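Coordinate inspection notes
Spelled out, the chains give:
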Amino acid sequence: LQWLLTMTLVTTVTVAAHPGHEHHAEGSVTKVRGQIFEVEDAGGKVTFVLVASTEVFIGKIRGAPSDIKVGVLVEVDGIENERGAIEAKTVRLMAR
């Protein structure tokens, strides 16, 4: 049993960071703090970081990072960086 727990912990830590791994989330924004925002989708909560190259859209119209607010429905595509953070590439807010 101890071996199984050790292997589970090692496996969990090993798969936690995948630089270059793409992430996708569709759901509601649950938290916004500076350049970091969290989206809750069917799989749970995913935290994204806004970077200089992040593109924000409201429907098909260009938006701004300040448009990302708690409660807004979004679709986000991002990529994991070498520190394990998911950098948002594209954020699409559902048209109001």
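Values in this document were obtained by computation on a predicted structure and should not be read as measured data.

Glancing now at the pairing of strand 2 (residues 36-41). As judged from the five bridges shared by strand 1 (residues 22-33) and strand 2, these two strands associate in the antiparallel manner. Pairing of Ser 28 across the sheet is with Glu 40, part of strand 2. Taken together, strand 1 and the strand that follows it, strand 2, pair antiparallel across an intervening segment of two residues, in which Gly 34 is found at a positive phi of about 60°. Judged from the six bridges that link them, strand 2 and strand 3 (residues 44-49) form a sheet pairing that is antiparallel. Bridging across to strand 3, Ile 36 finds its partner in Val 49.

Counted by the stated rule, this structure contains three salt bridges. A salt bridge links Glu 55 to Arg 62; its shortest N-O distance comes to 3.5 Å. Relative accessible area serves as the criterion here: at 32%, Glu 55 is assigned to the partly exposed category. Of the residues examined, Arg 62 reaches a relative accessible area of 51% and is grouped as exposed. A salt bridge links Glu 82 to Arg 83, with the shortest nitrogen-to-oxygen separation between them at 3.0 Å. In this structure, Glu 82 and Arg 83 share a single accessibility class: exposed.

By secondary structure assignment, the location of Gly 20 is in the loop between helix 1 (2-16) and strand 1. A residue is classified by how much of its surface remains accessible, and Gly 20, at 44% relative accessible area, is partly exposed. On a C-alpha basis, the gap between Gly 20 and Glu 80 in space is 5.2 Å, while along the polypeptide they are 60 residues apart. If near-sequence neighbours (up to four positions away) are discounted, Gly 20 is found in contact with Ile 79 and Glu 80.

Should pLDDT be low for a region, the predicted coordinates there are not to be read in detail. Looking at the protein chain, pLDDT values average 84 and 79% of them are 70 or higher. In the model, residues 2-15 has pLDDT below 50 throughout and makes zero contacts with residues more than four positions away in sequence or in other chains.

Bridging between strand 1 and strand 6 (residues 73-80) involves seven bridges; their strand directions are antiparallel. The residue of strand 6 that forms the bridge with Glu 26 is Glu 75.

Definitions and cut-offs
- Residues numbered from 1 in each chain as written.
- Predicted model: local features only at pLDDT ≥ 70, side-chain atom pairs only at ≥ 80, totals over all residues.
- Heavy atoms only, no water.
- Pairing = 2+ DSSP bridges.
- Helix = DSSP H or I, 4+ residues; strand = E, 2+ residues; numbered from the N terminus.
- Salt bridge = Lys/Arg side-chain N within 4 Å of Asp/Glu carboxyl O.
- Buried < 20%, exposed > 50% of the residue type's maximum accessible area, 1.4 Å probe, protein only.
- Contact = heavy atoms within 4.5 Å.
- pLDDT = per-residue confidence, 0-100.

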